[in-house]
Amino acid sequence: SREVLPELDLAALEWQPAHARAFRRAVKPSMVLALLLTGALAAAVGWWSLLVLPLAATWAIVTTRKYVDNLGWASTQHVMAFRSGWLLKRVTLAPVARIQAVTQLESPFDRRTTMARVRVDTAGAGDGSHRVDIPYLARETARALHRRLSAQAASTPFSTR
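Keep in mind the model is a prediction, meaning the values are calculated, not measured.

Engineer: Describe the pattern of salt bridges, listing the residues and the values that go with them.
Structural biologist: Summed over all chains, the structure comprises seven salt bridges. Here Glu106 ties to Arg139 by a salt bridge, and the two come within 3.3 Å at their closest N and O atoms. Of this pair, Glu106 sits in the loop between strand E4 (99–105) and helix H3 (108–112) while Arg139 sits in helix H4 (residues 139–155), and the two are 33 residues apart along the sequence. Residues joined in a network through salt bridges with shared partners are Arg117, Arg119 and Asp133.

Engineer: Which residues make up the layout of surface pockets, and what are the values?
Structural biologist: Put simply, the second largest pocket is a space of about 260 Å³. In this structure, the second largest pocket is lined by Arg21, Arg24, Arg25, Lys28, Pro29, Phe109, Arg112, Thr113 and Met115. Among the secondary structure elements, those contributing two or more residues to the lining of the second largest pocket are helix H1 (22–45) and H3. The element best represented in the lining of the second largest pocket is H1, accounting for four residues. The residue inventory of the lining of the second largest pocket, partitioned by class, reads three nonpolar, one polar and five charged.

Engineer: How would you sum up the sheet that holds strand E5 (residues 115–122)? Please name residues and give values.
Structural biologist: Spatially, E4-E5-E6 is the arrangement adopted by the three strands of the open sheet, whose pairing is antiparallel. Across the chains shown, the open sheet's two edge strands, defined by having one partner strand only, are E4 and strand E6 (132–138). Averaged over all neighbouring strand pairs, the angle between strand axes comes to 15°, with direction disregarded. Where E5 meets E6, five bridges bridge the pair, whose relative direction is antiparallel. For Arg119, the partnering residue across the bridge sits in E6 and is Asp133.

Engineer: Could you give an account of unusual backbone geometry, naming the residues involved and the relevant values?
Structural biologist: Of note in the backbone geometry, Thr114 takes a positive phi value of approximately 50° without being a glycine. Overall, the relative accessible area of 37% leaves Thr114 in the partly exposed class. Phi at Tyr136 takes a positive value of approximately 60°, unusual for a residue other than glycine. Residue placement: Tyr136 occurs in strand E6. A relative accessible area of 13% means that Tyr136 is categorised as buried.

Engineer: Could you give an account of the packing of aromatic side chains, naming the residues involved and the relevant values?
Structural biologist: Counted under the stated rule, the structure contains one aromatic pair. Cation over ring: Arg65 sits above Phe23, and NZ or CZ is 4.0 Å from the ring centre.

Engineer: Account for a positive patch on the surface, naming residues and giving values.
Structural biologist: Together, Arg21, Arg24, Lys28 and Arg112 make up a region of like positive charge exposed at the surface. Here Arg112 falls in the exposed class, since its relative accessible area comes to 73%.

Engineer: Residue-level account of the nonpolar core, with values.
Structural biologist: Counting residues in hydrophobic clusters, the biggest one holds 26 residues, and the most contacted among them are Met80, Ile134 and Leu145. Breaking this core down by element, the ones donating at least two residues are H1, strand E2 (79–84), E4, E5, E6 and H4. When neighbours within four sequence positions are excluded, Met80 is seen to be in contact with Trp73, Ala74, Ser75, Thr92, Leu93, Ala94, Val96, Val120, Val132, Ile134, Leu145 and Leu149. Formed by five residues, the second largest nonpolar core is a distinct cluster that contains Leu8, Leu13, Val79 and Ala81.

Conventions adopted
- Residues numbered from 1 in each chain as written.
- Predicted model: local features only at pLDDT ≥ 70, side-chain atom pairs only at ≥ 80, totals over all residues.
- Heavy atoms only, no water.
- Salt bridge = Lys/Arg side-chain N within 4 Å of Asp/Glu carboxyl O.
- Helix = DSSP H or I, 4+ residues; strand = E, 2+ residues; numbered from the N terminus.
- 1 Å grid on protein atoms, 1.4 Å probe; cavity = no way out; pocket = protein on both sides within 12 Å on 5 of 7 lines; lining within 4 Å.
- Points joined across faces, edges and corners; volume = space filled by probe spheres on them.
- Nonpolar A, V, L, I, M, F, W, Y, C, P; charged D, E, K, R; others polar.
- Pairing = 2+ DSSP bridges.
- Axes fitted to C-alpha atoms, helices over the stretch in contact; angles between N-to-C directions.
- Buried < 20%, exposed > 50% of the residue type's maximum accessible area, 1.4 Å probe, protein only.
- Phe/Tyr/Trp six-rings, centres within 6.5 Å; stacked < 30°, edge-to-face > 60°.
- Lys NZ or Arg CZ within 6 Å of the ring centre and 35° of its normal.
- Patch = residues over 30% accessible without salt bridge, like charges linked within 9 Å, V, L, I, M, F, W, Y side chains within 5 Å.
- Areas by Shrake-Rupley, 256 points an atom, 1.4 Å probe, with all protein chains shown as cover.
- Lys, Arg positive; Asp, Glu negative; His and termini not counted.
- Charge placed at Lys NZ, Arg CZ, Asp CG, Glu CD.
- Core = buried A, V, L, I, M, F, W, Y, C linked by side-chain atoms within 4.5 Å.
- Contact = heavy atoms within 4.5 Å.

Structural data, given as structure tokens:
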């Protein structure tokens, strides 16, 4: 990051966590997946394999907790930062000058829990790259972040460099 953004001090960023209820929101799909996979295993191998269900549920809870605990975002005048992952931690830095589009998204589940996500598209980002896609934000936080980043992107002069 020092080579690309020399003015940025990663240690000085004020990382913001996911919403306080993010774990509760995120663990439900993980539990459903654990239940479905265990049910499929039981249908294929035998009902005795349902003994795996407590292990699968525990794994879903632990991995979701780790995932949510490691989510974070930070924003400065010059950069938007996003971190995720617990086994493979990743940090993505999006220079504000390269932001092309900012989207605020809400699934029906997000609306029910008053949460939203903010997705930032930048010039030059590859298809397989780690994107700035921040889930589990309080709706008002997402709205304010969306407004600010959109205004910054709109006021950035176009450059062909």
